[in-house]
Amino acid sequence: MIKLSRFHLSVASAAVVLALVGCGSNVKLEEAPVSDSTATAVGIDPNAAGNGQGTGGVRPVVIDESKLAEPPASVARVVYFDYDSFLIKPEAMGILEAHAKFLKAGGNRRVVLQGHTDERGTREYNLALGQKRAEAVRRALSLMGVSDAQQEAVSFGKEKPAATGADEASFAKNRRVELAYR
Amino acid sequence: MTVRLNRRHLLGAAAAAPLAPAWGQFRVEVSGVGLTQIPFGVAAFRGGDQASQDLVGIVRGDLERSGQFRAVPPVTQVSLDETSRPDLALWREKSADVLLTGSVTRLADGRFDVRFRVWDVVRGQDLGGLSLPVRQADLRSAGHRMADYIYEKLTGEKGIFSTRIAYVTQGGGKHTLWVADADGENGQVALNSPEPIISPSWAPTGNQLAYVSFESRKPVIYTHELVTGRRRLVANFKGSNSAPAWAPDGKSMLATLTLDGTSQIYSVDLATGSQNRLTRSGGIDTEPCWSAKLGQVFFVSDRGGAPQIYRMSPQGGNAERVTFQGVYNTSPAVSPDGNTLAYITRVGGGFKLQVMDLRNNAISSITDTVSDESPSFAPNGRLIIYATKQQGRDALMTTTLDGRIKTRLASAQGDIREPDWGPFVA
């Protein structure tokens, strides 16, 4: 699973991650950090040729994490739950901590916690169960210091399954909370 | 069955009845013996072949689906209209207690004049009739009105054949809210959406639906005027908004909101949009269901550790637990007379429709399927519509309260679910 240490990636892999985010996510173009004023454009300063650095020099570009609209793609967006349970599993805590850190780093970042259930049971009751899961995640993030204004817990019940099989493996994939950034 | 037994040959005739034959687009399943059903005959209508709808078939299907009537084969292929003096002795030999005759005439303005007369075969009495001038598109409704006329004459209760149902289908990446005749025919699209639609609920006036839509990436409640398609967002509070249930006066609705974390029941004023919290449990309270007759709200709560059905005043306050058998009881619906509760219980890995007599708490399981959902009563309380799976396919079914007469309604394409039976309309 995801390791928190990857949040502090080397410059090189941060750039790779950014590239992935840029291609595969819904980051809006105008929000893409390519126009980031804190980054320095790649290019060779024609005036630098004579001041001792040599023409083969490379100036490193640093993408500041605080400018991302979403956490790096390496941070999972889904946490899973046991059957009939709303307890956040130990392995999910690391994921939520990464999200909490990211949310606290930017006060205008907003996340929607989308609770889901497996297909067993009535639609409306499952909607309430999914809400209970989303609410459990909301409370955990609050305890980690994320403000209420930055999060909303909602439920999709059993209406949006991640897996459509009628077996326990599919059910396990469906009992989840997805973290969606807005 | 509690059909009024005002027919003298009724019991004898019904005991000898074979399983009802299948007519038309649907199949009526009959289980059990000794059913008391009123045998009826329908003669071919004069001019009936001019109509684009099989009026005689619609009447026959409606009456059979009620569980209170049984068709006898016609004694003659000769058509009999509303002015005929039929030879009732021939129909009496076939054990028919009642006979429908009529005609269809094309009018100069393009409409059709559907006329009919009903005969009491046993007493040889004329039970009256009507003239129904209708547009071609409304021919089915003329059939349903004839069935309602016969039903009311013979049982003393209002028929539900002219009422409508709402349901949802899913297929091809599309979610569709439908409105159809009570027999499942004449389906019309009210809403198409790329996102799920659940919990349709008829307004008491029958001209609007409320439902939960996920079109804004979270559940919110809309009301939807059917004739105009005009929609109003009536509950879009932070968190989830679901389980709409109109108050009998149509001015407010109960809904499940999550303003304080978990799902709780609120009353939402439709004029002002303001909300008022009715339940205060730490857990889940949802699926409110109004009984105007009892002046109570039934709902589902997990306050006892597992979902059970409770009831309370429409103003909230103390709740009384209603279901005690089983560890998962949800989706309550109360009959209009307040005597019967329909709900879904989990049995093993299956979900089954149950009915509880609220006067003595006797429970019966009335289906042999295991994926039952969303029960809803017909406005005369004689039938329940519900969704289930039959032979692996989604189906909408109607059943009598004793489970003996079931009909699978003709279905549109794709998964079909979430039925709600509309009110009587003027």
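Here the structure is a predicted model, which is why all the values come from computation and not from measurement. (Residues numbered from 1 in each chain as written. Chains lettered and ligands numbered in written order. Predicted model: local features only at pLDDT ≥ 70, side-chain atom pairs only at ≥ 80, totals over all residues.)

So, on to the overall build of chain A. The helix and strand tally for chain A stands at 4 helices and 4 strands. Mapped from its N terminus to its C terminus, chain A presents α and β elements in the order α-β-α-β-α-β-α-β. Long-range pairs, those at least 24 residues apart, make up 74% of the contacts in chain A between residues at least 6 apart in sequence. (Helix = DSSP H or I, 4+ residues; strand = E, 2+ residues; numbered from the N terminus. Contact = placed C-beta atoms within 7 Å.)

Time to look at the overall build of chain B. For chain B, the helix and strand inventory stands at 4 helices and 30 strands. Dimensions of chain B along its principal axes, counting C-alpha atoms only, are 70 × 50 × 40 Å. Counting the 426 residues in chain B, one finds 50% classified as buried. (Buried ≥ 20, exposed ≤ 12 C-beta atoms within 10 Å, placed from the backbone.)

Here the focus is the nonpolar core. Core analysis: the biggest nonpolar cluster contains 112 residues, and Phe 40, Leu 55, Val 59, Val 98, Leu 100, Ile 150 and Ala 255 of chain B have the highest contact counts within it. Looking at this core, the element that brings in the most residues is helix H4 (residues 139-155) of chain B, giving 8 residues. (Core = buried A, V, L, I, M, F, W, Y, C linked by C-beta atoms within 7 Å.)

Residue and element names in this part refer to chain B. The 4 strands lie next to each other as E14-E15-E16-E17, forming an open sheet whose pairing is antiparallel. The open sheet has two edge strands, strand E14 (241-246) and strand E17 (275-277), and neither has a second partner. Averaged over all neighbouring strand pairs, the angle between strand axes comes to 30°, with direction disregarded. Bridging between E14 and strand E15 (residues 252-257) involves 4 bridges; their strand directions are antiparallel. In the strand pairing of E15, Ala 245 is matched with Leu 254. (Pairing = 2+ DSSP bridges. Axes fitted to C-alpha atoms, helices over the stretch in contact; angles between N-to-C directions.)

Residue and element names in this part refer to chain A. Bridging between strand E1 (residues 78-80) and strand E4 (residues 176-181) involves 3 bridges; their strand directions are antiparallel. Residue pairing across strands places Tyr 80 opposite Arg 176, the latter belonging to E4. Note: strand E2 (residues 111-116) against E4, 6 bridges, orientation antiparallel. Bridge pairing in E4 links Gln 114 to Glu 178.

Looking at where Val 146 of chain A falls in the secondary structure, it is placed in the loop between helix H3 (123-143) and strand E3 (151-157). With sequence-adjacent residues up to four places away left out, Val 146 of chain A is seen in contact with Ala 100, Leu 103, Lys 104, Leu 141 and Gln 151 of chain A.

Listed per partner, the contact involves 25 residues of chain B and 15 residues of chain A. Counting residues per element, the ones that place at least two in the side of chain B that touches chain A are strand E10 (197-202), E14, strand E18 (285-291) and strand E22 (329-334) of chain B. Partitioned by chemical class, the residues of the side of chain B that touches chain A number 9 nonpolar, 12 polar and 4 charged. (Nonpolar A, V, L, I, M, F, W, Y, C, P; charged D, E, K, R; others polar.)

Turning our attention to unusual backbone geometry. Residue and element names in this part refer to chain B. Positive phi, normally seen in glycine, also occurs at Ser 95, with a value near 70°. Since 19 C-beta atoms lie within 10 Å of it, Ser 95 is described here as partly exposed. Look at Asn 361: it is not a glycine, yet its phi comes out positive at around 65°. Locating Asn 361 in the fold gives a position in the loop between strand E24 (350-357) and strand E25 (362-365).

Next up on the list: the confidence of the model for chain A. Of all residues in chain A, 70% attain a pLDDT of 70 or more, and the chain-wide mean is 79. Across residues 1-39 of chain A, where pLDDT falls below 50, the model places 47 contacts with residues more than four positions away in sequence or in other chains. (pLDDT = per-residue confidence, 0-100.)

This part covers the sheet that holds strand E12 (residues 220-225) of chain B. All names here are of chain B. An order of E10-E11-E12-E13 is seen for the 4 strands of this open sheet, with the pairing classed as antiparallel. Across the chains shown, the open sheet's two edge strands, defined by having one partner strand only, are E10 and strand E13 (231-235). Averaged over neighbouring strand pairs, the angle between their axes works out to 25° when direction is ignored.

Quick reminder: α-helices carry 3.6 residues per turn. Residues three or four places apart thus point the same way. Residue and element names in this part refer to chain A. Taking 1.5 Å per residue as the helical rise, H3 with its 21 residues ought to reach 30 Å, and the 30 Å between its terminal C-alpha atoms agrees with that figure. Most of H3 sits out of view: 18 of its 21 residues are buried. Phi for Gly 145, located one or two positions after H3, is positive at around 100°. (Expected span 1.5 Å × (residues − 1).)

Let's shift gears to the environment of Thr 76 of chain B. All names here are of chain B. Tracing the sequence through the fold places Thr 76 in the loop between strand E3 (69-71) and helix H3 (88-93). On the basis of neighbour counts, which here come to 13 C-beta atoms within 10 Å, the residue Thr 76 falls in the partly exposed class. Sequence separation between Thr 76 and Val 42 is 34 residues; the distance between their C-alpha atoms is 9.9 Å.

Residue and element names in this part refer to chain B. As defined by bridge partners, strand E20 (residues 308-313) adjoins strand E21 (residues 316-321) across 4 bridges and the pair is classed as antiparallel. Paired with Tyr 310 across the strands is Arg 321, a residue of E21. In sequence, E20 turns back onto E21 through a hairpin of 2 residues.

Further remarks concern the confidence of the model for chain B. Residue and element names in this part refer to chain B. In this model, chain B carries an average pLDDT of 90, and 91% of its residues clear a pLDDT of 70 or more. Throughout residues 1-25 the model reports pLDDT below 50, and contacts reaching past four residues in sequence, or to other chains, amount to 45 contacts. With pTM at 0.85, the complex prediction returns an ipTM value of 0.89.

Take the environment of Gln 315 of chain B next. Following the sequence through the fold, Gln 315 of chain B ends up in the loop between E20 and E21. Gln 315 of chain B sits 88 residues away from Gly 403 of chain B along the chain, and the two C-alpha atoms are 34 Å apart.

All names here are of chain A. When the terminal C-alpha atoms of helix H2 (residues 90-105) are compared, their 23 Å separation across 16 residues agrees well with the 22 Å that a helix rising 1.5 Å per residue should span. Residues Ala 92, Ile 95, Leu 96, Ala 98, His 99, Ala 100, Phe 102 and Leu 103 constitute the buried set of H2. Taken together, the buried residues of H2 touch E1, E2, H3 and E4.

Residues and elements named next belong to chain B. With their axes 8 Å apart at the nearest point, helix H2 (residues 55-65) and H4 run at an angle of 45° to one another. Regarding the angle of H2 to H4, the classification is oblique. Pair H2 / H4 crosses with right-handed handedness. Of H4, the residues touching H2 (which contributes Leu 55, Ile 58, Val 59, Asp 62 and Leu 63) are Leu 139, Arg 140, Ala 142, Gly 143, His 144, Met 146, Ala 147, Ile 150 and Tyr 151. (Parallel < 35°, antiparallel > 145°, perpendicular 65-115°, else oblique. Left-handed = near helix turned anticlockwise from the far one by under 90°.)

Our next topic: the packing of H2 of chain A against H3 of chain A. All names here are of chain A. Taken N-terminus to C-terminus, the directions of H2 and H3 make an angle of 60°; their axes are 9 Å apart at the nearest point. As far as their axial angle goes, H3 and H2 are oblique. You can see that H2 and H3 cross each other, and the crossing is right-handed. Contact residues: H2 offers Leu 96, His 99 and Ala 100, while H3 offers Val 137, Ala 140 and Leu 141.

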